[in-house]
Amino acid sequence: MKYIEAFRDPALASGLASAIAAATDPSRTYRFMEFCGGHTHAIARYGIEDLLPQNVRMIHGPGCPVCVLPVGRVDVAVGLATQNDLILCTYADLMRVPGTRFQSLIKARAQQADVRMVYSILDALKIAQDNPTRQVVFFAIGFETTTPPTAAAIMRARALGLKNFSVHCNHVLTPPAMRAILGTYSDLGVPDVALDGFVGPAHVSAIIGTYPYEEFASVYKKPVVIAGFEPLDVMQSILQLIVQSNDGRAEVENEYTRAVNPEGNAKAQAIVTEVFEVRSSFGWRGLGEIPQSALKIRGEFSDYDAELRFSVDVPEARENKACECGDVLRGKTSPSQCKLFGDPCTPDNPMGACMVSSEGACAAQWTYGRFRQLGVREQAT
Amino acid sequence: MSILGKSRLARPLDIANGRVDMSHGAGGRTMIQLIGELFLSAFDNEFLRREHDAAIFQLPPGRVVMSTDSFVVTPTFFPGGNIGSLAVHGTVNDLAMGGGVPQYLTAGFILEEGLPLAELATIVESMADAARDAGVAIVTGDTKVVEKGHGDGIYINTSGVGVVPDGIEIGGERALPGDLVLVNGTLGDHGVAVMSKRENMSFSTQILSDSQALNDLVQAMLSAVPGVRVLRDPTRGGLGATLNEIANQSGVGIELDEAQIPVRTEVKSACELLGLDPLFVANEGKLIAICPPENAENLLAIMRTHRKGKSAAIIGRVLEDSRCFVRMKTQIGGTRMVDWMAGEQLPRIC
C-alpha cells in the first residue's frame with residue numbers, strides 16, 4: 001500500500017507541477033494523447049488538469065475496452081444471453097453499455113437472461129465447473145492486458161476437458177489503433193487529430209513491452225512515454241513529453257520501469273500466440289475497420305470458440321446518430337462538445353459507451369470534471 | 001399458563017440440527033413454539049410478555065421520530081456482525097440521525113424454508129444483544145416463511161420509534177454555507193468486510209464491519225453542541241451519496257479535503273484491487289455531522305473522547321453553489337467532483 005501512497009505524494013506532485021510549468025514554452029501549445037482509459041480516469045480522478053499549464057492539453061484516446069466495442073458486438077452479447085439457455089459471464093463495465101435500441105446486458109438480465117458479472121475469467125471457469133449441465137460463455141473484451149488470462153483460461157478448460165465452456169473473443173490490439181489515429185487525414189491532407197505525443201499504455205506495455213511503440217517515434221515522429229496509472233506517473237510522463245517536444249526529439253521512453261521492461265512478458269506473449277491469431281480486420285467504434293487490429297481463437301481451440309458454437313440473430317446495428325462517441329474516441333472532439341453530453345447522456349442514462357465505463361472519456365469528464373464547465377445543466381436526481 | 005411461555009409440544013425446538021419449514025410460519029403450534037422458544041426468550045421484555053399482536057406504551061415527552069428499514073444483506077454473516085445486529089443498528093441509527101433518542105423497535109422476519117435453526121438462533125441472539133447495548137426494546141414482531149428458492153435465507157425488517165428532545169433541530173435541509181463537515185471515523189469498513197465474504201471474492205482481510213449503534217455518540221454530541229444542523233449515517237452509497245443528498249436538500253455545495261478523510265489502509269488496498277472508491281462504500285457505524293464553524297472544534301473534541309468517535313475528523317466545508325456540487329480537493333492538489341454513483345457499486349450490503 002505504501003507503494004500506492006508514494007505515487008500520490010502531495011509534495012512530489014507539487015514539485016512536478018512546478019517542473020512542468022518551468023519546462024513549458026509559453027509561445028506554443030502541447031497536445032498529448034493518453035491512449036489508455038486508465039490514464040483518462042487518473043487524470044480526471046486526481047484533478048491533474050488543475051496542475052497543468054493552460055497550453056498543455058490532454059486529448060483522451062480510445063483505450064477503453066468497452067468504448068471501442070461496436071454496437072453490433074454488444075448486440076451479439078445480448079443475443080447470446082437472451083437467445084440461448086446459457087450463462088453469459090463478462091466484466092462489469094460491459095453490463096450497461098447500450099446496444100441497438102438501448103438494449104443492454106443489464107436489461108437482458110432483468111428480463112431473466114442469466115448474465116453474471118465476474119472479476120476474473122477464472123470465476124467463469126468455476127461457474128462452468130459448478131454448472132455442468134449448462135453452457136457458460138465468457139464474453140471477452142479488452143486490450144493486450146486482459147488477453148493472456150483469456151488464453152490461460154481456454155488452455156485450462158481444455159486441460160480440464162470442460163465441454164460447457166467457451167469464449168466469445170473481442171480482444172483488440174493497441175498499436176494498430178494508434179496507427180489508425182495517426183494515419184487518418186482530412187480531405188485537405190492535414191492530420192485528423194493533431195498530436196505532439198502519447199502517454200503510452202501502462203498495463204498493456206507490461207505485456208507487450210516497449211518495442212511495439214518504436215514505429216510511432218521513428219515513422220510518425222511522435223514521442224511516446226509509457227506511464228503508470230498513478231497521478232505522479234502521469235505527471236512525470238507529461239513532463240518527459242514536454243521536454244522531448246521542446247528538444248524536437250521523438251523517442252520511446254519508459255517512465256513505468258517498475259512494471260514494464262522493453263521485451264514485455266514473454267510468457268504471456270507465448271500463450272497468447274498459442275491460443276489466438278490476428279483477425280484480418282475488425283470494426284472499432286469510432287475508428288471503423290482497422291486491418292489486423294484484433295484477435296480470434298485459433299482453429300486448434302475452436303471447440304472453445306463461442307462464435308462458432310452459438311448462432312445469434314442480431315438486429316441491424318444502429319448507433320444513436322447524435323452520439324459523438326466515435327469522434328471522442330479518436331480524440332477529434334472533447335466529451336463536453338457532444339450535443340448529448342449531460343442532457344440526456346449521463347452515466348445513469350448513457351447514450352453511448354464512452355459515458356458508461358469508468359474509463360470512458362465522457363464518464364470521466366461528467367463524473368469528476370463537469371464542475372469546471374459553466375452552463376452544463378445538472379440532471380434532476 | 002401462557003401459551004408462549006412454555007411449549008405445549010412434547011419436544012423443544014431442535015435448534016442444533018433443525019431447519020425452518022413451512023409450518024414455522026403457518027400459524028399453528030409449531031409457529032407458536034418458534035416464537036416462544038427463540039424470539040421471546042431472546043428479546044424478553046414486559047411488552048412481549050403480554051403476548052398481544054401490538055405493543056402498547058407511553059413515550060417520554062418530546063416529538064416522536066419514527067423509521068423503518070429492511071435488511072437483505074448477503075452473506076448474512078460477515079466479519080464484525082450479522083444481519084441481526086445490523087438490523088438493530090440500522091434502525092437505531094436512523095432514529096438517532098433525526099436527533100432522536102431511540103426507544104422501541106419492531107422486528108419482522110421473512111425466513112426461507114430450509115434455513116438452519118442454529119443460524120436463526122445466532123442471528124436472533126445478536127439482535128437481542130445489539131438492542132440491549134443500544135438501550136432499546138424489541139416490543140413486537142412478525143414471522144413469515146417462504147418456500148425454498150423464494151428468499152435468501154433470511155430477510156429482516158425493523159421499525160423503530162424514538163423521541164426528539166426540545167431544542168434539537170436536525171435536518172438534511174439545514175446546512176448553510178460556512179458550516180463544517182465532520183465524520184466520526186474511518187470510511188468503507190462495512191462494505192469491504194461484507195464484500196470480502198462474497199462467494200466470488202477470494203481475498204481475505206482483517207477488516208471488520210463497523211456496524212454499531214450510534215445513539216450514545218449522538219447523545220454526547222448533541223448535549224455538548226445542540227446547534228448541530230445535520231446528522232446522517234452514510235450507509236448505502238457511502239459518504240459520496242450522503243453528501244450529495246445533503247447538498248441537494250440544503251441547496252448548497254460541499255468541498256471535501258481528501259487528505260483529511262479517514263480511510264483504513266486495508267480498505268484503501270481492497271478498494272484499489274476491486275476498482276471501488278472508498279467514498280462510495282457502505283458504512284453501518286459512521287455518521288456525518290454538519291455544524292456551524294464556531295462549534296466544530298468543540299464537537300470534534302467531544303467526538304474524539306467517545307469510544308465510537310476516536311478517529312473523528314473535520315473533512316470539509318459547506319459552500320454556496322446553486323448547482324449543489326460536491327467537490328473534493330484531491331491529495332495531489334487538484335479538484336474533482338464527488339458525484340452520485342451511477343448504477344450499483346456493491347449490491348446488497350445492508
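Definitions and cut-offs
- One numbering rule holds for all chains: residues counted from 1, following each sequence as written.
- Labels are handed out in written order, letters beginning with A for the chains and numbers beginning with 1 for the ligands.
- In keeping with the predicted nature of the model, local features appear solely for residues at pLDDT of at least 70, side-chain atom pairs appear and are counted solely at 80 or more, and the whole-chain, interface and lining totals rest on all residues.
- Each helix is a run of H or I in the DSSP string that is no shorter than four residues. Each strand is a run of E no shorter than two, and both are numbered from the N terminus.
- Note that the radius of gyration is over C-alpha atoms, with the globule rule given as 2.2 Å times the number of residues to the power 0.38.
- Exposure is read from a count of other C-beta atoms within 10 Å of each residue's own; the residue is exposed at 12 or fewer, buried at 20 or more and partly exposed in between. C-beta atoms are placed from the backbone.
- By the criterion used throughout, residues are in contact when their C-beta atoms, derived from the backbone, lie within 7 Å.
- Note that the domain bounds were set by an automatic or database domain assignment.
- Three classes are used: nonpolar for Ala, Val, Leu, Ile, Met, Phe, Trp, Tyr, Cys and Pro, charged for Asp, Glu, Lys and Arg, and polar for all others, with Gly counted as polar.
- Strand pairing follows a simple DSSP-based rule, namely that at least 2 bridges must link the two strands.
- Whenever a helix is involved, its axis is fitted only over the stretch in contact; in every case the axis is a line through C-alpha atoms, and angles between N-to-C directions fall within 0 to 180 degrees.
- pLDDT gives the predictor's per-residue confidence on a scale running from 0 to 100.
- In these notes the angle categories are as follows: under 35 degrees is roughly parallel, over 145 is roughly antiparallel, 65 to 115 is roughly perpendicular, and the rest is oblique.
- For any helix crossing, the convention is left-handed if the near helix is rotated counterclockwise from the far helix by under a right angle, and right-handed if that rotation is clockwise.
- Only buried Ala, Val, Leu, Ile, Met, Phe, Trp, Tyr and Cys residues enter a nonpolar core, and they are joined through C-beta atoms within 7 Å.
- If you view a crossover with the strands going away from you and the path from the first strand over the helix to the second runs clockwise, you call it right-handed.

(A) The overall build of chain B, seen in detail. When you go through chain B residue by residue, the secondary structure sums to nine helices and 13 strands. Over its C-alpha trace chain B gives a radius of gyration of 21 Å, about what one expects of a compact globule, namely 20 Å for 350 residues. Principal-axis analysis of the C-alpha atoms gives chain B an extent of 70 × 50 × 35 Å. Across the 350 residues in chain B, those meeting the buried criterion constitute 49%. Put simply, 85% of the contacts in chain B that link residues at least 6 apart link residues at least 24 apart.

(B) Focus on the overall build of chain A. When you go through chain A residue by residue, the secondary structure sums to 15 helices and 13 strands. For the C-alpha atoms alone, the extent of chain A along its principal axes is close to 65 × 50 × 50 Å. Here chain A holds 381 residues, and 54% of them are scored as buried. Of the contacts made within chain A by residues no fewer than 6 positions apart, 77% connect residues no fewer than 24 positions apart.

(C) Examining the domain arrangement of chain A more closely. All names here are of chain A. Once the domains are mapped, chain A shows domain 1 (71-172 + 294-309) and domain 2 (325-368). Here the C-alpha centroids of domain 1 and domain 2 sit 26 Å apart. Each partner contributes to the interface: domain 1 provides four residues, whereas domain 2 provides five residues. The residue makeup of the side of domain 1 that touches domain 2, split by class, is two nonpolar, no polar and two charged.

(D) Region of the structure containing the sheet that holds strand E6 (residues 165-171) of chain A. Residues and elements named next belong to chain A. Taken in spatial order, the four strands make up an open sheet running E4-E3-E5-E6, and their pairing is parallel. The sheet is open, and its two edges are formed by strand E4 (114-117) and E6, each paired on a single side. Pairs of neighbouring strands in the sheet enclose a mean axial angle of 20°, with direction left out of account. Note: strand E5 (residues 135-142) against E6, seven bridges, orientation parallel. What sits directly across from Ile141, in E6, is Asn170. Packed on one face of the sheet, helix H4 (residues 71-83) meets strand E3 (86-90), E4, E5 and E6 and runs near 145° to E3.

(E) Here's a closer look at helix H5 (residues 189-196) of chain B. All names here are of chain B. Counted residue by residue, H5 has seven buried out of eight residues, so it is predominantly covered. For H5, the set of buried residues is Asp189, His190, Gly191, Val192, Ala193, Val194 and Met195. If you follow the buried residues of H5, they end up packed against strand E2 (77-78) and helix H8 (265-274).

(F) Inspection of the confidence of the model for chain A at higher detail. Confidence in the prediction of chain A, expressed as mean pLDDT, is 92, and 97% of residues score 70 or more. Here residues 375-381 of chain A is a poorly scored stretch, pLDDT under 50, and it has eight contacts once near neighbours within four places are set aside; other chains count.

(G) Broad picture of the packing of helix H2 (residues 10-23) of chain A against helix H11 (residues 231-247) of chain A. Residue and element names in this part refer to chain A. Put simply, H2 and H11 touch, their axes get as near as 10 Å, and they point 15° apart. In terms of orientation, H2 and H11 fall into the roughly parallel class. The handedness of the crossing between H2 and H11 comes out as left-handed. Residues Leu12, Ala13, Leu16, Ala17, Ala19, Ile20 and Ala23 of H2 lie in contact with H11, whose contacting residues are Pro231, Leu232, Met235, Gln236, Ile238, Leu239, Ile242, Val243 and Asn246. When grouped by side-chain class, the residues that make up the contact of H2 with H11 number 14 nonpolar, two polar and no charged.

(H) Broad picture of the interface of chain A and chain B. Each partner contributes residues to the interface: chain A has 27 residues there, and chain B has 21 residues. Sorting the residues of the side of chain A that touches chain B by element identifies H2, helix H3 (37-45) and helix H15 (361-369) of chain A as the ones contributing at least two each. Its residues assigned to classes, the side of chain A that touches chain B shows 14 nonpolar, five polar and eight charged.

(I) Inspection of the nonpolar core at higher detail. Membership of the largest hydrophobic core comes to 227 residues, with the highest contact counts inside it found for Met235(A), Ile238(A), Leu182(B) and Ala289(B). Here the element with the most residues in this core is helix H4 (residues 117-134) of chain B; it accounts for ten residues. Residues in contact with Leu182(B), not counting those within four places in the same chain, are Ala289(B), Ala296(B), Leu299(B), Leu300(B), Met303(B), Ala312(B), Ala313(B), Ile314(B) and Ile315(B).

(J) Unusual backbone geometry, seen in detail. With an omega of 10°, the peptide bond between Asp343(A) and Pro344(A) qualifies as cis. Position of Pro344(A) among the secondary structure elements: in the loop between helix H14 (325-330) and H15. Across the junction of Thr74(B) and Pro75(B), the peptide omega takes the value 0°, indicating a cis bond. Here Arg101(A), not a glycine, exhibits a phi torsion of approximately 55°, which is positive. The topology assignment puts Arg101(A) in the loop between E3 and helix H5 (105-110).

(K) Quick look at the domain arrangement of chain B. Residues and elements named next belong to chain B. Domain annotation of chain B identifies domain 1 (22-164) and domain 2 (180-337). Each of domain 1 and domain 2 has a C-alpha centre, and these two points are 27 Å apart. On the side of domain 2, 20 residues touch domain 1, which itself brings 20 residues to the contact. Among the elements of the structure, helix H3 (83-96), strand E4 (101-112) and H4 are those that each provide at least two residues to the side of domain 1 that touches domain 2. A per-element tally of the side of domain 1 that touches domain 2 places H3 first, with seven residues. Looking at the side of domain 1 that touches domain 2 residue by residue, the class counts come to twelve nonpolar, seven polar and one charged.

(L) Region of interest: the pairing of E6(A). Burial runs high along E6(A): seven of the seven residues are buried. Tracing the backbone out of E5(A), into helix H7 (residues 147-160) of chain A and back to the parallel element E6(A) gives a crossover that is right-handed.

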